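Topology and contacts: notes
So the chains spell out like this:
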Amino acid sequence: MNNEASAVLNEDDDTSLLVVILDCNVYSWGNREKSLQDAISGMNDDNNDDRYNGGIAIGNNINKRLANTSKTNYIGFNKFLEHFMVFVNAYLMLNQENQLGIICSKIGESSFVFPQTTVEQYQQEQEQLLQQQQLNENGEPLPPTANKTIQGQILDKLQKLDLEIKHEQSDVLSSSFSASMSMALCYINRIKRETPTIKPRILVFNISPDVSSQYISVMNCIFSSQKQSIPVDSCILSQLDSTFLQQASHLTSGIYLKPQKQELLSQYLLTTFLLDTLSRKSLAYPTLKSVDYRASCFCHKKIVDIGYVCSVCLSIFCGHSSSCSTCGTKFSLKIDLRKQSNINTNSTPLSTATTTSTVNNK
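Quick look at the structure, then. In this text, all values refer to a predicted model and were calculated from it rather than measured experimentally.

Notes on the overall build of the protein chain
Looking only at helices and strands, the protein chain features 12 helices and 12 strands. The buried share among the 362 residues of the protein chain stands at 39%. In the protein chain, the proportion of contacts linking residues at least 24 apart, taken out of those at least 6 apart, comes to 68%.

Remarks on the nonpolar core
Core analysis: the biggest nonpolar cluster contains 37 residues, and Leu 17, Val 19, Ile 202, Val 204 and Tyr 215 have the highest contact counts within it. Secondary structure elements with two or more residues in this core: strand S1 (16-23), helix H7 (177-194), strand S4 (199-206), helix H8 (215-227), strand S5 (232-236), helix H9 (243-251) and strand S10 (316-317). With seven residues, H7 is the single largest residue contributor to this core. What Val 19 contacts, discounting residues up to four positions off in sequence, is Gly 101, Ile 103, Ala 184, Tyr 187, Ile 188, Arg 201, Ile 202 and Leu 203. Among the nonpolar cores identified, the runner-up in size contains 32 residues, and Phe 77, Val 88, Leu 203 and Leu 274 belong to it.

Considerations on the pairing of S1
The buried count for S1 comes to eight of eight residues, which makes it a mostly enclosed element. The two faces of S1 match: Ser 16, Leu 18, Val 20 and Leu 22 on one face and Leu 17, Val 19, Ile 21 and Asp 23 on the other face are all buried. Strand direction decides the pairing type here: S1 and S4, joined by seven bridges, are parallel. Pairing of Val 20 across the sheet is with Leu 203, part of S4. Bridge analysis of S1 against strand S2 (residues 99-106) gives seven bridges, and the strand direction is parallel.

Things to note about the packing of aromatic side chains
Each aromatic ring pair is described using two quantities: the centre-to-centre distance and the angle formed by the ring planes. Evaluation of the coordinates by the stated rule reveals seven aromatic pairs. Consider the rings of Trp 29 and Phe 80, whose centres lie 5.6 Å apart with planes at 35°: the pair is tilted. Placement of Trp 29 in helix H2 (residues 26-52) and of Phe 80 in helix H4 (residues 77-94) is noted, with a sequence separation of 51 residues between them. Across the pair, Phe 80 and Trp 29 agree in class, each one buried. An aromatic cluster is defined as three or more aromatic residues linked by ring pairs; in this entry it consists of Trp 29, Phe 77, Phe 80, Phe 84 and Phe 205.

Things to note about H4
Under the 1.5 Å per step criterion, the end-to-end length of H4 is 26 Å for 18 residues, consistent within 8% with the ideal 26 Å. By the burial criterion, the buried members of H4 are Phe 77, Phe 80, Leu 81, His 83, Phe 84, Met 85, Phe 87, Val 88, Ala 90 and Tyr 91.

What about the sheet that holds strand S3 (residues 109-114)?
Sheet architecture is open: six strands sit in the order S3-S2-S1-S4-S5-S6, paired in mixed fashion. Whereas interior strands pair on both sides, the edge strands pair on one side only; in this sheet they are S3 and strand S6 (256-257). Here H4 sits on the sheet in contact with S1, S2 and S4, set at roughly 175° to S1.

Here we look at the pairing of S4
Extensive coverage of S4 is indicated by the burial of eight of its eight residues. Burial of the side chains of S4 extends over both faces: Lys 199, Arg 201, Leu 203 and Phe 205 are buried on one face and Pro 200, Ile 202, Val 204 and Asn 206 on the other. As paired strands, S4 and S5 are joined by five bridges and run parallel to one another. Looking at S5, one finds that Asn 206 is bridged to Ile 236. Handedness of the crossover is the feature at issue here: the chain leaves S4, passes through H8, returns alongside S5, and the resulting connection is right-handed.

Looking at the pattern of salt bridges
Per the counting criterion, the structure on display carries five salt bridges. The partner of Glu 109 in a salt bridge is Lys 106, and the shortest N-O contact between them spans 3.5 Å. Where Asp 233 meets Arg 280, a salt bridge forms, and the shortest distance between an N and an O atom there is 2.5 Å. Remark: Arg 280 occurs in the loop between helix H10 (265-273) and strand S7 (295-296) and Asp 233 occurs in strand S5; sequence separation between them is 47 residues. Salt bridges sharing partners connect three or more residues here, namely Arg 201, Asp 233 and Arg 280.

Each value, and the rule that gives it
Residues numbered from 1 in each chain as written. Predicted model: local features only at pLDDT ≥ 70, side-chain atom pairs only at ≥ 80, totals over all residues. Heavy atoms only, no water. Helix = DSSP H or I, 4+ residues; strand = E, 2+ residues; numbered from the N terminus. Buried < 20%, exposed > 50% of the residue type's maximum accessible area, 1.4 Å probe, protein only. Contact = heavy atoms within 4.5 Å. Core = buried A, V, L, I, M, F, W, Y, C linked by side-chain atoms within 4.5 Å. Pairing = 2+ DSSP bridges. Phe/Tyr/Trp six-rings, centres within 6.5 Å; stacked < 30°, edge-to-face > 60°. Expected span 1.5 Å × (residues − 1). Axes fitted to C-alpha atoms, helices over the stretch in contact; angles between N-to-C directions. Right-handed = clockwise from strand over helix to strand, strands pointing away. Salt bridge = Lys/Arg side-chain N within 4 Å of Asp/Glu carboxyl O.

And the structure:
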C-alpha cells in the first residue's frame, strides 16, 4: 500500500525545475538603449515644435509621434530586470519545492547567476562572519544578519555583470547561446538524478540575432532536449524572429512568444510562461503558425533554400567548394554542369545536393 501511495504521489507531483537563459549581450542591449533615447529625444523635439508653432504643426507631427511610440514598445535592460523579477517571485510562490536556475549568456562566455557556486557561498559566509565579529559603539557584537533573499542574490549578480569587452573578444559580437544551452542541459541532468520526479523546462530570453557558426551545436542541444522531453520556451525581445528558437520550441513542444508591447512584459510572462507542463495540456497557450526550417550557410551567414552540405561535419554552404572550410575534408563532385544548372533552377532540398558529393577521406 505504501508503494502504491508513493507512486500516485509521484505522478501528481507538480514540482518543476525552471532553467532561465538570459541574453546579456552588451551590443544588443546598448543598441536598444540608444534607440530608446533617440525615441525620447524625438518626442521632446515634436513637443517643442508644437509649442513654438502654436499648434499649426500638430498634423505634420502625428506620424512622427506614432513612429516614436512604436519604438517605446521596447524596453531597456533595467526595466527588463524588473519584469523578470516579478516572474521569478511568482514562479517560486507556486510551490515551495520549485527549483530555479539562471544562466547569463554574454559575449564569448556563459556563467551561472543562480544558484551560487561553492566558492561564492564560501565567500559570502566569510563576509557574514566578519560582520558578526564587528563591534558596535558599546563594544557589543552586532546581531547576526540574515542571509540574502533569492531576489537579492540574483539582482546583485546581474547588476555586477562584467559588461566590459575583453581585448580578445573585440571581434566577436555574438552571445554564446550554444554554451548556455549545454550548461542548462547538464544542470537539468544533475538535478534529475537527485530528484527523478521533477519536471524540467528551459526558458530563453533572446535579444541577439542568430549566429550560423553555432548552428550544429545548437541543433544538437535541441535534439537532446527533444529526446529528454524538456520543453524549450522562447521569449523574443528583438525585432527579428529567431530561426533557432522557432525550431527549438516547435520540436520540444515549447512556447514561442514575441511580445508586441514589451512594457507589459510581466503580463506576458505570468499568463504564458508561468504554466507548467501539466497545466498546458488543459489550457490554451500561443502556438506557432509557421516555422522557418531553413538553414544558414557557414560561409556568408545567410539563409539558404538550396545549398551544399558536408557529409562529414554537416556544414552548409551556399556555393560549391573543393574542400570544407570547417573540417578540411576534400570533395570530388561527380556531376555534369548541365545537371548542376538543373539543380540550381529547380527547387531541390538540401538532402538532394548532399547525395551528389563524394568524400575523399585521405
